[in-house]
Amino acid sequence: MIPFINLKLQYNNIRKEILAVTDEVLSSGILMNGPNTELLEFQLARRMGVPHVVCVGSGTEALEIIARFHQESFYGVTKSQPRVIVPALTYPATINAFISTGWDVIIGEVNAETGILDIEKITRDDFDAVCVVGLYGQPVFADWYLRRKEGHNKLDGKIIIEDAAQHWLASDYSGAPIMKAISFDPTKNLPNYGSGGAIACWDEYAMNWFKMYRDNGKPHKNSYGTNSRISEVDAAQMLVKLKYLDDWQERRLAIAEYYCERFEKEAPHVRVLMSKMLNKAMHGLQKFVIEIDHRDRVKDLLLTDGIECKVHYEQPLHEMDPYSNFPGPNIISAASALARRVLSLPFYPELTDKEIKLVADRVIHHVESDIFQ
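Residues numbered from 1 in each chain as written. Predicted model: local features only at pLDDT ≥ 70, side-chain atom pairs only at ≥ 80, totals over all residues. Heavy atoms only, no water.

Student: In this structure, what is going on with the overall build of the protein? I would like to understand it.
Tutor: The secondary structure content of the protein amounts to eleven helices and ten strands. Taken over C-alpha atoms, the radius of gyration comes to 21 Å for the protein, in line with the 21 Å a tight globule of 373 residues would show. The principal-axis extent of the C-alpha atoms belonging to the protein is close to 70 × 55 × 40 Å. Counting across all 373 residues of the protein, residues that qualify as buried make up 56%. Long-range contacts, defined as pairs at least 24 residues apart, comprise 70% of the intrachain contacts of the protein with a sequence gap of at least 6. Accessible area for the protein stands at about 16800 Å²; split by element, carbon and sulfur atoms hold 50% of it. Here the protein carries 41 positive and 50 negative side-chain charges, and the mean point of each set is 1 Å from the other. (Helix = DSSP H or I, 4+ residues; strand = E, 2+ residues; numbered from the N terminus. Rg over C-alpha atoms; globule rule 2.2 N^0.38 Å. Buried < 20%, exposed > 50% of the residue type's maximum accessible area, 1.4 Å probe, protein only. Contact = heavy atoms within 4.5 Å. Areas by Shrake-Rupley, 256 points an atom, 1.4 Å probe, with all protein chains shown as cover. Lys, Arg positive; Asp, Glu negative; His and termini not counted. Charge placed at Lys NZ, Arg CZ, Asp CG, Glu CD.)

Student: Could you clarify how one ought to interpret the packing of helix α3 (residues 59–74) against helix α4 (residues 93–100) in this entry?
Tutor: A packed helix pair is summarised by two numbers, namely the angle formed by the two axes and the spacing between the axes. Orientation of α3 relative to α4, taken along the N-to-C sense of each, is 40°, at an axis distance of 8 Å. Judged on the interaxial angle alone, α4 and α3 are oblique. In this structure, the crossing between α3 and α4 has a hand that is right-handed. Residues Thr60, Leu63, Glu64, Ala67 and Arg68 of α3 form the contact with α4, whose own contacting residues are Ala93, Thr94, Ala97, Phe98 and Ser100. Here the contact of α3 with α4 is composed, by residue class, of five nonpolar, three polar and two charged. (Axes fitted to C-alpha atoms, helices over the stretch in contact; angles between N-to-C directions. Parallel < 35°, antiparallel > 145°, perpendicular 65-115°, else oblique. Left-handed = near helix turned anticlockwise from the far one by under 90°. Nonpolar A, V, L, I, M, F, W, Y, C, P; charged D, E, K, R; others polar.)

Student: Please clarify how the sheet that holds strand β8 (residues 271–272) should be interpreted in this entry.
Tutor: Within a beta sheet, neighbouring strands are joined by backbone hydrogen bonds and run either parallel or antiparallel to one another. Spatially, three strands are ordered β8-β9-β10 in an open sheet, and the strand pairing comes out antiparallel. The open sheet has two free edges, formed respectively by β8 and β10 (342–345), since each of these has just one partner strand. Of the strand pairs in this sheet, strand β9 (residues 288–291) and β10 are connected by four bridges, and their pairing is antiparallel. Residue Ile290 lies in a different strand from β10, and its bridge partner there is Leu343. Contacts between helix α7 (residues 232–266) and the sheet are confined to β8, β9 and β10, with β9 contributing the most and set at about 15° to the helix. (Pairing = 2+ DSSP bridges.)

Student: Would you explain the environment of Ile331 in this entry?
Tutor: Following the sequence through the fold, Ile331 ends up in the loop between α9 (295–304) and α10 (334–339). Using a relative accessible area of 53% as the deciding quantity, one classes Ile331 as exposed. As for Ile331 and Val54, which are separated by 277 residues in sequence, their C-alpha atoms are 38 Å apart. Leaving out residues up to four positions away in the same chain, Ile331 has contacts with His318, Glu319, Ser336 and Arg340.

Student: Would you explain the packing of α9 against helix α11 (residues 353–367) in this entry?
Tutor: Interhelical geometry of α9 versus α11 gives an angle of 135° and a closest axis separation of 10 Å. Accordingly, the angle class assigned to the pair α9 and α11 is oblique. Crossing angle aside, the handedness with which α9 passes α11 is right-handed. Between α9, through Val298, Leu301 and Leu302, and α11, the contact on the second element is made entirely by Arg362, Val363, His366 and Val367.

Student: Help me out: how do you make sense of the sheet that holds strand β5 (residues 159–163) in this one?
Tutor: Strand order in the open sheet made by the seven strands is β1-β7-β6-β5-β4-β2-β3, with mixed pairing throughout. Edge positions in the open sheet fall to β1 (52–56) and β3 (104–108), since each of these has one partner strand only. Pairwise comparison of adjacent strand axes, ignoring direction, gives a mean angle of 20° for this sheet. Taken together, the five bridges between strand β2 (residues 83–87) and β3 define a ladder with parallel strand orientation. When the bridges of β3 are listed, Val84 appears paired with Val105. Packing of helix α2 (residues 35–48) onto the sheet brings it into contact with β1, β6 (179–183) and β7 (197–201), and relative to β1 it is tilted by some 130°. The strands that α3 touches are β1, β4 (129–133), β5, β6 and β7; relative to β6, the one it contacts most, it runs at about 160°.

Student: Is there a simple way to think about the pattern of salt bridges in this case?
Tutor: Where charged atoms from two side chains of opposite charge come close, those side chains can pair. One pass over the structure, following the stated rule, counts 23 salt bridges. Where Asp361 meets Lys357, a salt bridge forms, and the shortest distance between an N and an O atom there is 2.8 Å. Pair noted here: Asp361 and Lys357 are both in helix α11, with a separation of four residues, about one helical turn. Using a relative accessible area of 42% as the deciding quantity, one classes Lys357 as partly exposed. Each of Glu113, Arg271, Glu291, Asp293 and Arg341 takes part in one network of salt bridges that share partners. (Salt bridge = Lys/Arg side-chain N within 4 Å of Asp/Glu carboxyl O.)

Next comes the structure, spelled out in structure tokens:
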């Protein structure tokens, strides 16, 4: 069986180091807001090329805290319920972060090729902010930010927030000073063993606000907040993983290039959603997603072969009951079409060459089978 993800293999490879740093932290008695958290924040900021990173309890909480910051800083007096556009094709955590912090939400249509929010399809101007999602690891701002600087962008005067849970490891593609929410979910490329997240920002005032808010207003206690910290054990364990992250990303890139080459040569009915980014080495490499006909049937056949695949995501937001009354696209939309056709393949560094070949072989066999043509 080739599972969709195999966290045991990664742990087995670094087990001794993980256990050693865990024992070191627990023996020290410093369990929160200590040197490991500070060092992790510093190293993440240096890697991303941003001045500040603040670690928090989860990627969802990172986005919630950013939303809360903007609401208080820009709309606390003049507008009690600001309005944000979020893409239709994303995990519900994206929209939930804004709902839980009191924002009004519009669900936006996505680009049919990438699944990313399509700015050109925004036909209204009654919104205050846009939250973009780098779906599957695709960076989102290279062209938009350049057009904005030149004064040719629909986002002029709007706040831009990145749900960067999937694409924060993409190369620096614009230098845009936009706040990013990062996730260390166990399924992500830099995974925690539980929950975890971070906020990347350029503003020292915002950085200090985030640090106070995540710790119930400490140290000055002159601001409200919440409890959204990672532990020193979390930080120490992720510092171990950070040493291996470049090697893991290099392996992911090699797997992606193999898949892309095989499908391009042998599978005309397979469309890869990341191929255009690979030549620029800009992709975050979080998921390897293909678009195919007869998706559900192919997924079942692959499982019969012993290959577990997933769908990200089976429903766009506007088709889910909790969000069906929000303004947004209808069922005849690019997001709805993609949700019925995308399939995520096994894609993690511990896959062997034999397993990668088997996945490609069986995908090609089933998709290009005469019964589907």
